[in-house]
Every structure is written in structure tokens, then in C-alpha cells.
Amino acid sequence: MKIRRATMAVVTAGALVLTGCTSDAEPADDTAGNQPAGSGDSDGGASASEAPADPSGDDSAATPETTGKADLGEVVTVDDVVSFSAGSEQYNAYNGNMAGTNSTYNAVVNNQLFGGFWHWGTDGTVYPNEWFGSYEVVSEEPLTIEYTISDEAVWSDGVPVTANDYLLEWATTNPEKLGGAEALGFDPVSDSFGRYVPEGPEAEVDGKTFSVVYPEPYPDWELVVSTALPSHVVAEQSGLEPAELAQAILDGDGETVAGVADFWNTGWVFENYELPDAALVPSSGPYTLDGASWISGQSLTLVPNDSFYGPAPATHDLSFVFAAPETHVQALANGDINVIEPQATVDTIAQLEGLPDVAMQTGDSLTWEHLDYNFQEGSVFADDAGGLAAREAFALCVPRQQIVETLIQPINPDAQVMNLREVFPFQPHYDEVLSAAYDGRYDQVDIEGAKSKLAEAELDAPVDIRIGYSAPNQRRTEQVAAIKASCDEAGFNVIDAGDARFFETGGPLEAGDWEVALFAWAGSGQVASGQAIYSTGGGQNMGGYSNEIVDEAWNTLATSADPEVHREQVEIIERELWDTLYGLPIFAHPDVTGYDSTLQNVRTTAVQTGVSWNAEQWVRAQ
């Protein structure tokens, strides 16, 4: 059958995206699902509010009938600039598929640089990009998918997009067939492709078709294969011919493949925040870095890819402004930024409502706030230190209800403390899973109970707790202040460790310089993306948590296509994460988008891509 659309809810196959910037989003998770933020409920994501009617007054351009990208017909690119900000964090990696680079502030740019087989709609629905190619289920047992790349699909340097690129995509997930992670040395945020497709794509060198075989069912299969990095650049920069690298992957020659890992890991990371050699960063999407303008600390402005074979971008220059969240509303009012996703606060909404020529959209979001413990050696929460008792003590003093009541309910009166990680309060089955997984023991602050548990942990009070997060971020600063006011009474010394480099490669999150990490995961309703966060050795398991029961449950869930099995295993996972205290979920983020009301096609979304998911379609009414 040809794939037309799927409501299977996973920017890399299986990953959440970290979010810690302007909007309520945070890091990103696996390959196709979380960037720091995620769900995992098999019923898909929540529906975001639809866009208002076209501000130009043309009713034919009103709310699209689909939650996917609108069909704009023949697009003539307008010579204009449209700007957006994902926060003050600068873009720093063309390769956003590594644990240290898989973040919203990289993804918003890279989404415009790469073409792929599908895109998410505003509600987590998966829509094929027919201009890029097609994919078809050719066998159910074993599940086999045949992919065909358009003959017109080329990189901006003129090299065709081929199966070679997807062979490398698979190889970089360190499959055992090529020797595994220790022998290969790639640093992927997700290993889903290599884990669930152990034999790799079946392809011919330089071919436009390839097949992928899953020996066991995998619920998020549609999300595993989408975009790919240019294998010819990796090969050439590593002293190989492109065909030579592709053939080595097909032959299982791990030694040759390992020779390209260094460039893949380091060659596309831009720590100096300046444009790289254009030859290293060809584009397969609507915009390109070739000819772009990067003003360090201020903005990165992309320009159209003249070799693009899909729908032309609506506006010539797409500018990503690096600006702190607290400046966004004023910047929108001044016209310095045209589209913003500010943190949803009462003041922010009131300000947006009071601005002339500004439109606003609101909706539910599959992004959720959480506190994670550091289990690594040297942390007071590690099992060889204060252990579970210390984690329980901290959980008993964190005022989660107060945080929701003071910071979230004024925006969304229906908001509640989020007590699950894989199902959202507004999704079906939340109450059912919650009743099976969690008894409410940490719902209310219990200072005396916290003191008792801290004594049981045999730690000398006051116990220093650094709460790390991406700063500046006013709402997180207020959360840390509320936690300090409460937990210091129990014997802790909470330290605000907000840092502008928190999510960057080598920054505090990656280095483990924290006892508690405060950020959000941004997801898209995928089923198995959380595996990378909670499994032993998972690419997004930032704190080093390890639990055999959780590992086994994820393996069972990720190898089944049965929604009942998914639900049963999620209950086991959630219960074990509470009993052993991986961390504390806090709330689901409300979504708010503000934008210049002369812009067309701005549409808020519940998924991790954020409002810039269709930025190539933004254009001012003519």
C-alpha cells in the first residue's frame, strides 16, 4: 500500500527534542520523536488550535483543511525577509543527530536545510512529502518498506540524493553488523535505525531506491527514515570516494566505515558561530547556508536553495534571530522579529492582546517540564551515595502544585500537575495509566517527611543541589526560587545553576555538572521515543539512570504493534520510574504564538518542530 498519511504518533527516528529556549520547548529526543520533549501514547498528539483566517481577508486562504502543510499551488518567492526566534541559543550544528546537538535551536534551522520523506502535521499526524519521494509497505511479515527517492532530488551542490545517504544514516547509529559503538565511534542521539534494522538498508550504490526490513514489529517505523546527511561530503572529507563508503557499508566493512566517524562527529559542529565552507553543508531543502548571513550573537539568515526540487519558499530570506525570551514580545512590537513562541504567561498574553497589528494563536503542546536526577558517580542522588532516600527527600519538598497554580493555571485554568511522562493529561487513557502507575505520594509538600528521608540517606545537611537549566529563562528562574524556598527548609541548599551554555556541546547538561536538570522534552506523540531517555545507556538518558525492569518493558513495547501491549508496558515503565524516582514531571506546556498579522500561513502546532515547522510557507500578504 502507498503511504498517504498516518496518525502514528514520532526529528530523528525515535527522538525527543530538548527545549530550553524561548518557547516552552526544550531539548529534543531521539531520531524521530523527542527533542527534549515527548509523549509516547499510541493515540497520537493533541490537536493544536488552527490558524485564524488569512489576515488579508481572503477567505480562500483561511484555516487549511489538513493539519499538514497547505498546498499553496505555484509559489513565486517574494523578495522579503521574515524573522523568527527560538531563543538566545545560537545555531551550532548542521548535524543535529548527536546527543549534544539534538535541540530545538538547531532543529528550527536544519528543518529548512533538509528534504525528507515526511513531515509532521500540527497534531502529530505524519504526512508524506511526495515531492521528495515515496514509501510503500511491500511485506507485513517481516515488515518491509520500499523507499523511492525522486529522480529530481539533488543536494544544492548538484550531487543526487541517493540510497548512499541513507546507508550512512543507518551506519551512524552504530549497528552491531558493522562492529557496534565501540568499534565504529559515532555519537548518535538515537540508535533506533541500527537497533531495529540490524541488517541495514538493501540498496545499490548510487541507487534511488532502497528497502528496510524490520525482523520484529516496530511501532514507530514510519518515523525511522526521513532526512539524511550528505554521505558524499562525509566520504570526501575522510579520504574516501562516495561510492567506496557506500559499498563498505553494504559489505559490512566496519573498519572503513569507522574512518568517517570523526568528521561526522565534529566536522559539522560550529562552535565559533560563523558560516562554514559552503561545500561542507549542501542543502536538500528549500533554504541553504550557501550565501546565508550569520552575524554571531545576533542572527542567521538563510537564502533559497536554487537547486531545490520541491515547492519554492514563499519568502526569499528566512532569518533566525538569537534573542532572549524576555525580549521577544517587545521585539515583535518593534518589528524586529516577526514570529515568536514566547513562554506562556499571563503578562505575555496580555501584552500580545494589547499590541496592534499582532495576531495570536494558542493551543495544547506535547512539550512537558520536568526535573531529572543525576545518577552519575559523584552526585548525591547516585545509588552509591544518598540514593533513593535522597531522591525521595527532594521529591517530597518540591512544590509542584504551587508551581502549576502560580505559573500555569493563570494561563490555562484546566492545567494540572503532570504525573506521567509518556501520556499527557489531555490525552485519552491518562487517568487509566495514572491509576495503575502512581499513588500520589509526592503530590503534596511534606517537609517533615523530607527531613526524615534525608536523615535516612545519611547525608550531611545542608545538601547542595545545583538545579541546571538554560538561562536566561524567567519562568525557570521562578521555579527554582519556589523549590529553594521549600526544599531549603528540609535540609537542602538549592543553588540556581542556570547557564546560557546548558544545552551546548560540552556544556553543563552533557558534562553532568548538576544534581537536578530542569528542562522540557518536546515530542510528537510517537510510541517508543522515550526508550532513548529511560533505558540503560540511552542516547538521551542524561543522568545515567539504569533499571532492568524499565529496559525490558521498553524492549517489549518497541517490538510490538499492539496498542494494548504499548499501554501495559507504559504502565510498568511509569510505575517503575516513580518507585525508583528517575525524576519528577511537572506540567505540560501551554502553547502561545504571536506574529505580525500581515503574515500568511503561520500555524501553531502541538509537536516538537514548533511554529517554524512550515516557515518556508510564511509570506506577507501582497
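Residues numbered from 1 in each chain as written. Predicted model: local features only at pLDDT ≥ 70, side-chain atom pairs only at ≥ 80, totals over all residues. Heavy atoms only, no water.

**Focus: the pattern of salt bridges**
Then step 1. For the structure on display, the rule yields 18 salt bridges.
Then step 2. A salt bridge links Glu616 to Lys69; its shortest N-O distance comes to 2.6 Å. Separated by 547 residues along the polypeptide, Glu616 in the loop between strand E21 (599-600) and strand E22 (619-620) and Lys69 in the loop between strand E2 (26-28) and strand E3 (78-87) bring together distant segments of the chain.
Then step 3. By relative accessible area, which is 26% here, Lys69 ends up partly exposed.
Then step 4. Asp443 is paired through a salt bridge with Arg400; the nearest N and O atoms lie 3.3 Å apart. Residue Asp443 is found in the loop between helix H14 (430-437) and helix H15 (447-456), and its partner Arg400 is found in helix H13 (residues 400-408); the two are separated by 43 residues along the sequence.
Then step 5. Residue classification places Asp443 among the partly exposed positions, given a relative accessible area of 27%.
Then step 6. Here the residues in one salt-bridge network are Asp80, Asp596 and Arg620, joined through shared partners. (Salt bridge = Lys/Arg side-chain N within 4 Å of Asp/Glu carboxyl O. Helix = DSSP H or I, 4+ residues; strand = E, 2+ residues; numbered from the N terminus. Buried < 20%, exposed > 50% of the residue type's maximum accessible area, 1.4 Å probe, protein only.)

**Some thoughts on the pairing of strand E11 (residues 299-304)**
Then step 1. The element E11 is largely enclosed, with a buried count of six among its six residues.
Then step 2. Where strand E10 (residues 287-295) lies against E11, five bridges are found, and the strand directions are antiparallel. The residue bridging Ile295 from the neighbouring strand is Ser299, located in E11.
Then step 3. The antiparallel pairing of E10 with E11 creates a hairpin that spans three residues between the two strands, and Gly297 there sits at a positive phi of about 85°.
Then step 4. Of the pairings in the sheet, the one linking E11 to strand E12 (residues 315-322) comprises four bridges and is antiparallel in character. Bridge pairing in E12 places Leu300 opposite Phe320. (Pairing = 2+ DSSP bridges.)

**Side note on the nonpolar core**
Then step 1. Residues Tyr94, Phe394 and Phe492 are the most contacted members of the largest nonpolar core, which totals 166 residues.
Then step 2. Examining the composition of this core, we find that seven residues originate from one element, helix H12 (residues 387-397), more than from any other.
Then step 3. For Phe394, the residues in contact, after removing those within four places along its chain, are Tyr373, Phe381, Ile465, Ile467, Ile483, Cys487, Phe492, Val494 and Val516. (Core = buried A, V, L, I, M, F, W, Y, C linked by side-chain atoms within 4.5 Å. Contact = heavy atoms within 4.5 Å.)

**Focus: the pairing of strand E15 (residues 367-373)**
Regular strands place their side chains on alternate faces of the sheet.
Then step 1. With seven of seven residues buried, E15 is to be regarded as a mostly interior element.
Then step 2. Burial of E15 is two-sided: the residues Thr367, Glu369, Leu371 and Tyr373 facing one way and the residues Trp368, His370 and Asp372 facing the other way are all buried.
Then step 3. As paired elements, E15 and strand E18 (residues 516-522) share seven bridges and run antiparallel to each other. When the sheet's bridge partners are listed, Thr367 is paired in E18 with Ala522.

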